[in-house]
Amino acid sequence: MTGYATEGWTDMFLCAGGAAAALCGLIFVGLSVNLRAVLEMEKREGHNSMTGRALEALVALLIVVVVSIVALTPALSRSALAAFVLANAVGSAISPCRAALSGRGKGAPPAAVLIRLSVAAALTLTLLAAGTSLAAGQGGGLYWLPVTFVLAVLVAAVNAWVLLVEVLR
C-alpha cells in the first residue's frame, strides 16, 4: 500500500464516506428539531451564527463523503484525485472564514473562537497537504486524508452540539 495510489484504501474510504453521510443526516434531523429556536435566536441577535454553524458542519462532512466517493472511482488518475482534493480544500475554507467572522463583535469568548478557527483551518490545511503531496508524489499523499476526516468529524460534532444543546440553554 502506498500513499499515492488508492489501492488498499477502499475500506477507509467506505468507512469514512458512510459514517460522514450518516452524520450529515443526523445534523439535518437535529437542526430540524431546533429550527424554530435557532431562527428565533438568530433574529433576536441579528446574525446567522447558528445556521452558519450548520453550514460548517455539513460542508466538513460532505467533503469527507465526496472525496471518499471520488477516491473509490476505479482507475482514477492520481492527478485527477489530487485536483479534486485541492478543489475541496478551497471549499473547506468556508469554515475557517466563518469561524473568524463569528468572533467579531458578538461577545464570543476569544479562546472559543481561536479553537474553532484553529480546527477549521487545520481541516483546510490538511486537505491542501493531501492534494499537493498527492500531486507531487511525495510528502504523504493519501495519508493526510485520515487526519482530514477526523478533523471534519470534530468540526461537525462541535457545531452539532451547539445546534442541538447550546441553542436551548
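Heads up: the structure comes first, above all this text.
Reading the values: rules and limits
- Residues numbered from 1 in each chain as written.
- Predicted model: local features only at pLDDT ≥ 70, side-chain atom pairs only at ≥ 80, totals over all residues.
- Heavy atoms only, no water.
- Patch = residues over 30% accessible without salt bridge, like charges linked within 9 Å, V, L, I, M, F, W, Y side chains within 5 Å.
- Areas by Shrake-Rupley, 256 points an atom, 1.4 Å probe, with all protein chains shown as cover.
- Salt bridge = Lys/Arg side-chain N within 4 Å of Asp/Glu carboxyl O.
- Helix = DSSP H or I, 4+ residues; strand = E, 2+ residues; numbered from the N terminus.
- Buried < 20%, exposed > 50% of the residue type's maximum accessible area, 1.4 Å probe, protein only.
- Phe/Tyr/Trp six-rings, centres within 6.5 Å; stacked < 30°, edge-to-face > 60°.
- Core = buried A, V, L, I, M, F, W, Y, C linked by side-chain atoms within 4.5 Å.
- Contact = heavy atoms within 4.5 Å.
- Axes fitted to C-alpha atoms, helices over the stretch in contact; angles between N-to-C directions.
- Parallel < 35°, antiparallel > 145°, perpendicular 65-115°, else oblique.
- Left-handed = near helix turned anticlockwise from the far one by under 90°.
- Nonpolar A, V, L, I, M, F, W, Y, C, P; charged D, E, K, R; others polar.
- Expected span 1.5 Å × (residues − 1).
- Arc of directions from axis to C-beta.

### Let's talk about a nonpolar patch on the surface
Where nonpolar side chains cluster on the molecular surface, the patch consists of Leu23, Leu26 and Val153 and spans about 240 Å² of accessible area. When you line up the elements, Leu23 lands in helix H1 (residues 10-33). For Leu23, a relative accessible area of 30% puts it in the partly exposed group.

### Regarding the packing of aromatic side chains
Counted under the stated rule, the structure contains two aromatic pairs. Taken together, a centroid distance of 6.3 Å and an interplanar angle of 35 degrees make the contact between Trp9 and Phe13 tilted. Here the two residues Trp9 and Phe13 agree in accessibility, since each one is buried. Geometrically, the ring pair formed by Trp9 and Tyr143 is edge-to-face, given 4.9 Å between the ring centres and 70 degrees between the ring planes. Within this pair, whereas Trp9 is found in the segment before H1, its partner Tyr143 is found in the loop between helix H6 (110-136) and helix H7 (144-164), the two being separated by 134 residues in sequence.

### Re the nonpolar core
One finds Phe13, Ile27, Leu81, Val85, Leu142, Leu145 and Phe149 to be the most contacted residues of the largest nonpolar core, which totals 33 residues. Taken together, the elements giving at least two residues each to this core come down to H1, helix H3 (49-71), helix H4 (78-92), H6 and H7. Here this core takes eleven residues from H3, the largest share from any one element. Here Ile27 is in contact with Ala57, Leu58, Leu61, Ala156 and Ala160, once residues within four sequence places are set aside.

### Overview of unusual backbone geometry
Positive phi, close to 60 degrees, is recorded for Ala75, a residue that is not glycine. Locating Ala75 in the fold gives a position in the loop between H3 and H4. Judged by its relative accessible area of 85%, Ala75 is exposed.

### Some thoughts on the packing of H4 against H6
Where H4 contacts H6, the two axes come as close as 8 Å, and the packing angle between them is 160 degrees. Relative to H6, the element H4 is oriented roughly antiparallel. As H4 runs across H6, the sense of the crossing is left-handed. Where H4 approaches H6, its residues Arg78, Leu81, Ala82, Val85, Leu86, Asn88, Ala89 and Ser92 are matched on the opposing element by Thr124, Leu127, Leu128, Ala130, Gly131, Thr132, Leu134, Ala135 and Ala136. Here the residues of the contact of H4 with H6 are counted per class, giving eleven nonpolar, five polar and one charged.

### Regarding H4
Between its terminal C-alpha atoms H4 stretches 21 Å, which fits the 21 Å expected from 15 residues at 1.5 Å a residue. Within H4 the residues assigned to the buried category are Leu81, Ala82, Val85, Asn88, Ala89 and Ser92. Projected down its long axis, H4 shows its buried positions confined to an angular sector of 125 degrees, all on one face. Exposed residues on H4 whose side chains face more than 90 degrees from its buried face are Ser79 and Val90.

### Examining the pattern of salt bridges
Applying the stated criterion across every chain yields a total of one salt bridge. A salt bridge links Glu56 to Arg116, with the nearest nitrogen and oxygen atoms 2.4 Å apart. Of this pair, Glu56 sits in helix H3 while Arg116 sits in helix H6, and the two are 60 residues apart along the sequence. Its relative accessible area of 2% is what places Glu56 among the buried residues. For Arg116, a relative accessible area of 15% gives the class buried.

Shape descriptors only; they carry no functional weight alone.
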